[in-house]
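# Structural description and commentary
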Amino acid sequence: MKINAKELSYEQVLNAPRLQHKQPRKPSRLLATVVRIASLPTLWKTNFSYTTERMELVGKQPCLILMNHSSFTDMKLAYGIFYPKRFGIVTSVDAMSGFLGKLMRFLGCTPTHKYVTDMTLIQDLEYMLKKNKTSVLMYPEAGYSFDGTATTLPRKMGVLMKRLGVPVVTVITQGAFARDPLYNMLQIRDVKVSAHVKCIATAEEVKTLSVAELDARLAESFSFDNFAWQRDNKVSIDVPFRADGLHRILYKCPHCGTENQMEGKGIHLTCHSCGKQWTMDEYGQLAATEGETEYPHIPDWYAWQRECVRKELEDGTYLLDTDVDIAVQVNLDCVYMIGQGHLKHDLEGFHLTNADGKLDYKQSPVASHTLYSDYYWYEIADVIGIGNNEFSYFCFPKGDVSVTKARLATEELYKLKKVRRKPVSV
């Protein structure tokens, strides 16, 4: 999937029309039927099935649907589960760019900026549920999972649940990540896909349970590990490209400690600094071709990298300092390519400037609990996305830079800063 892009100077972007808020439309039954039909080949090819739990307590009520985000397949799966039930979809502004975005409006989609506090979105959710009387589908992770486990969730989702006051349903997929993991460069694998659909809280339970209890129920549903699922269920993915791009997740060598010298190609992951190599088997596990296998399980390797980033932050040595190409989005017409710039990320947060110095954007470490980073973003390049409710800045690093490390650093720095800001009890 590509995105509508146009080259402009930053000054011209400043004069471009801004995104105007529009009330969410009630989903068109006709268009929803078209999407459902268009989804059938994928549903058939993946032999899609799903199980339900406590869904009889929801009935025909509008509900808040919270689905894990694994791949481009997710929306098709949602229509496979819920059609003909009407539901609107919370969608990122970049996904609604161009003509497609206009069609998505009729499908009941409403745009928002990722990882930005958006009070208008809450009003839109209430409008969809109460005025349009339709359910709402959200991906609370907002971004795709990198390592097959849940991406960091927003804090206190229970507050939102209480405000909306409707049943809350979770959809957790199995096989969708394995079929099309983000790191694997859009190469589809033949994997059966299923889902578990569960009402984690009725409208009455939303009223009576505390925010902490609602958050705990959500966290329990979003406790999954796709690589463990593949291993434990002996799901064979015996394709010759299964390790392609794996260095996007696993950017640091656990043998020599060097970063950004890893390469995933074919069925192997290789460190070009020390020469160590690992083989990825058909069940998604790693084994060193020689010597110790430090982390057979990919999420364990990923967690080790997080610990390393955390230590850099605590020691004050963490730094991302790179030249970037910059795209800016201020409306749903397109994204504007404004040329080159520079991005810095340290303990003070992000600082983005463009080549002529007219763009000078700073973002606090506590502005967001995570980072919009993506691999091969709209078939352009790996990206780091920052910004606010008016401007979205998409930065494409030059040279050996890991957008995965930037995400981990953002998450860990947020935790560190939030802890330090809490008042001390006496």
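So, here is what we can say about the structure in this document. These numbers were taken from a predicted model, which means no experiment stands behind them.

When helices and strands are tallied, the protein chain shows 12 helices and 19 strands. Relative to a compact globule of 426 residues, whose C-alpha radius of gyration would be 22 Å, the protein chain shows 22 Å and is just as compact. Principal axes of the C-alpha set define a box for the protein chain whose edges measure 60 × 55 × 55 Å. Within the protein chain, the proportion of its 426 residues that are buried is 55%. Nonlocal contacts in the protein chain, meaning residues at least 24 apart in sequence, comprise 69% of its contacts between residues at least 6 apart. With the model as given, the accessible surface of the protein chain reaches about 18,800 Å², and the carbon-plus-sulfur share is 52%. Charge centroids of the protein chain, computed over 52 positive and 49 negative side chains, lie 9 Å from each other.

Where helix H2 (residues 29–45) meets helix H3 (residues 74–82), the axes come as close as 9 Å, and the angle between the chain directions of the two elements is 110 degrees. It follows that H2 is roughly perpendicular to H3 by the angle criterion. Counting all contacts with H2, which are made through Ala 32, Val 35, Arg 36, Ser 39, Thr 42 and Leu 43, the residues of H3 involved are Lys 76, Leu 77, Tyr 79 and Gly 80.

With that out of the way, let us pick up the side chain of Ser 71. Tracing the backbone shows Ser 71 in the loop between strand E3 (64–67) and H3. Each residue touching Ser 71, except ones within four places of it in the same chain, is listed here: Tyr 144, Ala 176 and Asp 180.

Glancing now at the pairing of strand E10 (residues 268–271). Sheet analysis places strand E9 (residues 262–265) next to E10, joined by four bridges and oriented antiparallel. When the bridges of E10 are listed, Glu 263 appears paired with Thr 270. Counted along the chain from E9 to the antiparallel partner E10, the turn is two residues long, and its residue Gly 266 has a positive phi close to 70 degrees. Bridge analysis of E10 against strand E11 (residues 277–280) gives three bridges, and the strand direction is antiparallel. Within E11, the position partnered with Thr 270 by the bridge is Gln 277. Hairpin connection between E10 and E11: a loop of five residues separates the two successive antiparallel strands, and Gly 275 in this loop has a positive phi of roughly 90 degrees.

Further remarks concern the sheet that holds strand E5 (residues 109–112). Ordered by their spatial adjacency, seven strands build an open sheet running E2-E8-E7-E3-E6-E4-E5, and the pairing between neighbours is mixed. Strand pairing shows two members of the sheet lacking a second neighbour, strand E2 (49–53) and E5, which therefore form its edges. Looking at each pair of strands side by side, their axes are set apart by 25 degrees on average, direction ignored. Packed on one face of the sheet, helix H5 (residues 119–131) meets strand E4 (87–92), E5 and strand E6 (135–138) and runs near 140 degrees to E6.

Our next topic: the environment of Val 324. Positionally, Val 324 belongs in strand E13 (residues 320–329). You can call Val 324 buried: its relative accessible area is 0%. Sequence separation between Val 324 and Lys 358 is 34 residues; the distance between their C-alpha atoms is 15 Å. In this view, Val 324 contacts Gly 339, Gln 340, Gly 341, His 342, Leu 343, Leu 352, Cys 395, Phe 396, Pro 397 and Lys 398; residues no more than four positions away in its chain are not counted.

A few words now on the pattern of salt bridges. The final tally for this structure, using the stated rule, is 21 salt bridges. We note a salt bridge from Lys 398 to Asp 325, for which the minimum N-O separation is 3.1 Å. Highlighted residues: Lys 398 in the loop between strand E19 (392–397) and helix H12 (403–421) and Asp 325 in strand E13, separated in sequence by 73 residues. The class for Lys 398 is partly exposed, based on a relative accessible area of 34%. For Lys 415, the salt bridge identified is with Glu 412, shortest N-O distance 2.8 Å. Of this pair, Lys 415 and Glu 412 both sit in helix H12, separated by three residues, roughly a single helical turn. Taken together, the shared-partner salt bridges in this structure form one network comprising Arg 306, Arg 310, Glu 314, Glu 411, Glu 412 and Lys 415.

What follows covers the packing of helix H6 (residues 157–164) against helix H9 (residues 211–221). The relative placement of two packed helices comes down to the angle between their axes together with the axis-to-axis distance. One can describe the packing of H6 onto H9 by two numbers: an axis separation of 8 Å at closest approach and a directional angle of 110 degrees. Here H6 lies roughly perpendicular to H9, going by the angle between them. Between H6 and H9, the residues in contact are Met 157, Gly 158, Val 159, Met 161 and Lys 162 and Val 211, Leu 214, Asp 215 and Leu 218, respectively. Residue composition of the contact of H6 with H9, grouped by class: six nonpolar, one polar and two charged.

The rules behind the values
Note on numbering: residues in each chain are counted from 1, in written sequence order. With the structure being a predicted model, the display of local features is reserved for residues of pLDDT at least 70 and the display and counting of side-chain atom pairs for 80 or more, all residues being used for whole-chain, interface and lining totals. Side-chain measures here rest on the full set of heavy atoms in the structure, leaving out hydrogens and waters. Only runs of H or I of at least four residues qualify as helices and only runs of E of at least two qualify as strands under DSSP, and these elements are numbered from the N terminus. We compute the radius of gyration from the C-alpha atoms alone; for a globule the expected value is 2.2 Å times N to the 0.38, where N is the number of residues. The classification of residues rests on relative accessible area computed with a 1.4 Å probe and restricted to protein chains. Under 20% of the type maximum is buried, over 50% is exposed, and intermediate values are partly exposed. Only heavy atoms matter for contacts: two residues are in contact if any of them lie within 4.5 Å across the pair. Per-residue and other accessible areas were derived by the Shrake-Rupley procedure at a 1.4 Å probe size, with only the shown protein chains allowed to occlude residues. We treat Lys and Arg as the positive residues and Asp and Glu as the negative residues; His and chain ends play no part in the count. Charge coordinates come from a single atom per side chain, which is NZ of Lys, CZ of Arg, CG of Asp or CD of Glu. Between the N-to-C directions of two axes lies an angle of 0 to 180 degrees, each axis being a line fitted to C-alpha atoms and, for a helix, fitted only over the stretch in contact. By the definition adopted for this analysis, an angle is roughly parallel if under 35 degrees, roughly antiparallel if over 145, roughly perpendicular if from 65 to 115, and oblique otherwise. Strands are labelled as partners when DSSP assigns at least two bridges between them. By salt bridge we mean one thing: a side-chain nitrogen of Lys or Arg within 4 Å of a carboxyl oxygen of Asp or Glu. In this classification, the charged set is Asp, Glu, Lys and Arg, the nonpolar set is Ala, Val, Leu, Ile, Met, Phe, Trp, Tyr, Cys and Pro, and all remaining amino acids, among them Gly, are polar.

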